[in-house]
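Each chain is listed here by its residues.
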Amino acid sequence: MKSKAPRQTVCNIPTNDPKDPYCGGKLKKISDLDPEAKKAAGPGKDVFRCQKCKTLYVDESPYALAKK
Ligand SMILES: [Zn+2]
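Definitions and cut-offs
- Residues numbered from 1 in each chain as written.
- Predicted model: local features only at pLDDT ≥ 70, side-chain atom pairs only at ≥ 80, totals over all residues.
- Core = buried A, V, L, I, M, F, W, Y, C linked by C-beta atoms within 7 Å.
- Buried ≥ 20, exposed ≤ 12 C-beta atoms within 10 Å, placed from the backbone.
- Helix = DSSP H or I, 4+ residues; strand = E, 2+ residues; numbered from the N terminus.
- Contact = placed C-beta atoms within 7 Å.
- Pairing = 2+ DSSP bridges.
- Axes fitted to C-alpha atoms, helices over the stretch in contact; angles between N-to-C directions.

Next up on the list: the nonpolar core. Nonpolar side chains tend toward joint burial in soluble globular proteins. In terms of nonpolar packing, the biggest core is built from 7 residues, these being Cys11, Leu27, Ala41, Val47, Phe48, Cys50 and Tyr57. No other element matches the 3 residues that strand β3 (residues 47-50) contributes to this core. In contact with Tyr57, not counting residues within four places along its chain, are Lys2, Ser3, Lys4, Leu27, Val47 and Phe48.

The strand order across the open sheet formed by 4 strands is β1-β4-β3-β2, and the pairing between neighbours is mixed. With one partner strand each, in any of the chains shown, β1 (2-4) and β2 (27-29) form the two edges of the open sheet. The average angle at which neighbouring strand axes cross in this sheet is 40°, direction not considered. The pairing of β1 with strand β4 (residues 56-59) spans 3 bridges and is classified as parallel. In the sheet register, Ser3 faces β4, and the bridge partner there is Val58.

Look at Lys54: it is not a glycine, yet its phi comes out positive at around 70°. Take Lys54: it is sitting in the loop between β3 and β4. With 9 C-beta atoms packed within 10 Å, Lys54 lands in the exposed category.

Here the focus is the environment of Ala5. With respect to the helices and strands, Ala5 occurs in the loop between β1 and β2. When the 12 C-beta atoms within 10 Å are taken as the criterion, Ala5 is described as exposed. Taking the C-alpha atoms as reference points, Ala5 and Asp59, separated by 54 residues in sequence, lie 7.0 Å from one another.

Now for the pairing of β3. Bridging between β2 and β3 involves 3 bridges; their strand directions are antiparallel. Considered in β3, the bridge of Lys29 is made with Phe48. The pairing of β3 with β4 spans 3 bridges and is classified as antiparallel. In the sheet register, Phe48 faces β4, and the bridge partner there is Tyr57.

Read these as spatial facts, not as claims about activity.
Here it is, written out as structure tokens:
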């Protein structure tokens, strides 16, 4: 699980493709997160998943903490 920058909307996982050095998949908010991942993310955190490589991102934005 990676931490997501406040304005990050696409995945930045490096790839081995020199023509396309970053994954670039769209990050989509997960609403049906499994309890295990929810625990790993921490309370009140939004979790996003890359639509391409399925990497999970946790939103570290302070706004995510404010809304419970
Ligand atoms: Zn990705």
